[in-house]
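# Descriptive structure summary
So the chains spell out like this:
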Amino acid sequence: MNDYKIGRVVGVSGERIFISLVDHSDGEDTEEGVPPTMIVNLPGDTGPTPLLIGQPGTFVSVGLPSGRLLAMITTIDMKESAPLQSEIRNAEAEGDAIIEEHKRVVSAVPVGTLDAAGNFERGADVLPTVNSPAFAVPPTTIDSIYRQYADGNFSLGHLSLIPGQQANINLDAFLSRHGAILGQTGGGKSWTVASFLQKIAAFPQSTVVLFDLHGEYASAFGDEADVISGADIELPYWLMNSEELLGLMVDRSESAAPNQIAKFKELLQAAKDKHPENLALGLDRITIDTPVYFDFEEILNEFRRLDTQMVAGQRADRQGPLFGQFTRLLMRVDSRLNDRRYDLIFHPQTYATSASMEDLFRRLLGATSTARKKVVIIDLSPVPFDVRNSVISLILRCLFDFSYWYRRVNGSSYPIAVFADEAHIYLNDSDSDARSSRESAERIAKEGRKYGISLTVISQRPREVSATILSQCNSFLCLRLSNPDDQSYVRNLLPDSVRGITSMFSTLRRGEGILLGDSVMMPTRIRIDPPSPTPHSDDTSFYATWNEEPEEVDVASVLDAWRRQASN
């Protein structure tokens, strides 16, 4: 353990330690202190190693009764030391000059303890007190800590302040306990996600489902990815459970809603029970939530009959018991059936039988018989906004149910990692239209760890993402965040011991982030490896484009694609 002393503790609070750096002195036996250049030379087996002291994001260690406290530097200040009045009077009386003193004070947040053997443990039983010595931390110590914790050699990049050192993380902890990638527009989120998933795709097998709202990632993974375009995807109505179907049909604020719900469940059960294909499946029991095919039009026809039914009376025909109870329900359903944007749900062409469910799930999991795909990209850019939430909700719920039943059947998990890009749009706490997709994601966040399905949310507006989901995330990769409200929100998500690190978020470069949580032993400033190939997320260069020779604007083809809702 390194014994190069650089200062002493002058203050301790609940989450910060203040260290005053001492001036450099080179005695016969020991060398200590920090010169004005802020660079010290640490002795080593291969000669002295220069180390910059006081750089935010680097580490210092502080003496404890048994071992050392490791702390990350967040700020450094140069403070003037005002002379006492008695010193001023004495100097004036003797004709001496008063030399101003400057103190260099470092603020650091504790991250863990090192025992005498150099083994690192998160947290600390005790904090140091004033006058405790502070020591420089060589790069070899940091490297040793990462190697102790990382499971394998999965690295997102390099340490920003020690470029030669890989930033290894515990991938199992990041995924199984859920994670978040947060950063403002232009901070490098798309690059980070592409780089992260390219490294995951290097495994012999992996199953990643990525929601791509802007069509950015289609070319980022080559042959390792299957891109399911929103224009081609089918998620048939018969995959929905009863609550999801009711959400499309029933307005629960209507006085007729209880009758509508009760009758629909009755008709749905009958439609599933008597369908010939379902009888051939040999199931012991079919419920209203069993994912099997049924004839939706048959249910609607029965609603129409009941809604207009006339029954015999004593003198003349009279209205049936449910006359007029389903009028508004039928209007809502008919409007969706006639809306071509809902064809992917109500008019399936490929997945129109119970037997086709296996083909659909193989496609979603990248496990088709023709070619195994490690990343499945759900390109939702062509999907209209008001249909998107239904699509995302159904996919999330189906993936969770598959994971649940896979574990029940096989006794082991089938790991599935879901990456939700632009999560603030469809996992929003305040948007009622996002309720279905949010609740499906919240179920994964709360229960997914038990069944091997993970959720990673990616957002530029963390305070708009479901608080339930973010509260379940145990790892945060924070890119540049300049908005004070977003910084404050993220700060409140973090443990007290590392909240001071949020002050560094606004200084991060593009493609650089601070990783905190269970996937790393201590907060880590990382320079993300650039992806190859890159996603289509580059900023538009107004300057370069406007400096080119003028071209005719192809308005006609743009309008044609707009009308067709397709780029080809």
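Conventions we followed
- Residues numbered from 1 in each chain as written.
- Predicted model: local features only at pLDDT ≥ 70, side-chain atom pairs only at ≥ 80, totals over all residues.
- Heavy atoms only, no water.
- Helix = DSSP H or I, 4+ residues; strand = E, 2+ residues; numbered from the N terminus.
- Rg over C-alpha atoms; globule rule 2.2 N^0.38 Å.
- Buried < 20%, exposed > 50% of the residue type's maximum accessible area, 1.4 Å probe, protein only.
- Contact = heavy atoms within 4.5 Å.
- Lys, Arg positive; Asp, Glu negative; His and termini not counted.
- Charge placed at Lys NZ, Arg CZ, Asp CG, Glu CD.
- Disulfide = S-S within 2.5 Å.
- Pairing = 2+ DSSP bridges.
- Axes fitted to C-alpha atoms, helices over the stretch in contact; angles between N-to-C directions.
- Salt bridge = Lys/Arg side-chain N within 4 Å of Asp/Glu carboxyl O.
- Parallel < 35°, antiparallel > 145°, perpendicular 65-115°, else oblique.
- Left-handed = near helix turned anticlockwise from the far one by under 90°.
- Nonpolar A, V, L, I, M, F, W, Y, C, P; charged D, E, K, R; others polar.
- pLDDT = per-residue confidence, 0-100.
- Expected span 1.5 Å × (residues − 1).

Below, the discussion takes up the overall build of the protein. On a plain count of helices and strands, the protein comes out with 18 helices and 24 strands. Taking 2.2 N^0.38 as the reference for a compact globule, 568 residues should give roughly 24 Å; the C-alpha atoms of the protein span a radius of gyration of 31 Å, well beyond that estimate. Expressed as a percentage of its 568 residues, the buried residues of the protein come to 48%. A separation threshold of at least 6 residues defines the contact pool for the protein, and within that pool the share at least 24 residues apart is 68%. In the protein, the 54 positive side-chain charges and the 76 negative ones have mean positions that sit 7 Å from each other.

Scanning the entire structure with this criterion turns up zero disulfides. Note on Cys-478: no disulfide assigned, nearest cysteine sulfur contributed by Cys-473 at a separation of 11 Å.

Taken in spatial order, the eleven strands of this open sheet run S13-S12-S24-S23-S22-S14-S21-S20-S15-S19-S16, and their pairing is mixed. Each edge of the sheet is formed by a strand with only one pairing partner; in this case those strands are strand S13 (162–168) and strand S16 (225–229). Direction aside, neighbouring strands of the sheet carry axes that sit 25° apart on average. Sheet topology note: the strand S23 (residues 512–517)/strand S24 (residues 524–528) ladder contains four bridges and is antiparallel. Each residue of the ladder has a partner; that of Gly-513, found in S24, is Ile-526.

Moving on, we get to the pattern of salt bridges. Per the counting criterion, the structure on display carries 29 salt bridges. Measuring nitrogen to oxygen at the nearest pair gives 3.8 Å for the salt bridge that ties Glu-224 to Lys-374. Of the two residues, Glu-224 is situated in the loop between strand S15 (208–212) and S16 and Lys-374 in the loop between helix H11 (357–364) and strand S19 (375–379); the sequence distance between them amounts to 150 residues. According to the relative accessible area criterion, Glu-224 is partly exposed, its value standing at 29%. The closest approach of N and O atoms between Arg-252 and Glu-243, which form a salt bridge, is 2.9 Å. Here the salt bridges share partners, and the residues they tie into one network are Arg-461, Arg-463, Glu-464, Asp-485 and Asp-486.

To continue, consider the packing of helix H5 (residues 242–249) against helix H6 (residues 257–274). It is at 11 Å that the axes of H5 and H6 come closest, and there the two elements cross at 130°. Overall, the two elements H5 and H6 adopt an arrangement that is oblique. In the packing of H5 onto H6, the handedness of the crossing is right-handed. Together, Ser-242, Glu-243, Leu-245, Leu-246 and Met-249 of H5 and Ile-261, Phe-264, Lys-265 and Leu-268 of H6 make up the contact between the two elements. Looking at the contact of H5 with H6 residue by residue, the classes come out as six nonpolar, one polar and two charged.

Examined against the element boundaries, Thr-290 turns out to sit in the loop between helix H7 (276–280) and helix H8 (296–307). Residue contacts for Thr-290: discarding those within four places in its chain leaves Lys-272, Leu-283 and Arg-285.

Let us look at the confidence of the model for the protein. Looking at the protein, pLDDT values average 88 and 95% of them are 70 or higher. Element-level pLDDT for the protein is lowest in helix H1 (residues 85–94), with a mean of 71, against a maximum mean of 97 in strand S20 (residues 416–420).

The first and last C-alpha atoms of helix H4 (residues 189–200) sit 16 Å apart over twelve residues, in line with the 16 Å expected at 1.5 Å per residue. Burial analysis of H4 places ten of its twelve residues in the buried class, the great majority of the element.

Quick look at the pairing of strand S14 (residues 179–182) now. Residue alternation in S14 divides its side chains into two sets, Gly-179 and Ile-181 and Ala-180 and Leu-182, and both sets are buried. Note: S14 against strand S21 (residues 453–459), four bridges, orientation parallel. Considered in S21, the bridge of Ala-180 is made with Val-457. Relative to strand S22 (residues 475–478), S14 is paired through four bridges, and the arrangement is parallel.

Attention now moves to unusual backbone geometry. For the bond running from Ser-532 to Pro-533, omega is 0°, close enough to zero to count as cis. Along the polypeptide, Pro-533 turns up in the loop between S24 and helix H17 (542–546). One non-glycine residue, Met-38, lies in the positive phi region at around 70°. Its location among the elements puts Met-38 in the loop between strand S4 (31–32) and strand S5 (39–42). Positive phi, close to 70°, is recorded for His-178, a residue that is not glycine.

What follows covers the side chain of Arg-388. Mapped onto the fold, Arg-388 is located in helix H12 (residues 385–410). Buried Arg-388, no salt bridge; nearest opposite-charge side chain is Asp-379, N-O distance 8.4 Å. Those residues in contact with Arg-388, other than ones at most four positions away along the chain, are Leu-213, Leu-380, Val-383 and Ile-425.

With four of five residues buried, strand S12 (residues 155–159) lies mostly within the body of the structure. When S12 meets S13, the two strands line up antiparallel, connected through three bridges. From the neighbouring strand, Ser-155 faces S13, where its bridge partner is Asn-168. Hairpin remark: S12 followed by S13, antiparallel, with two residues in the connecting loop. Across three bridges, the pairing between S12 and S24 is antiparallel. Bridged to Gly-157 within S24 is Ile-528.

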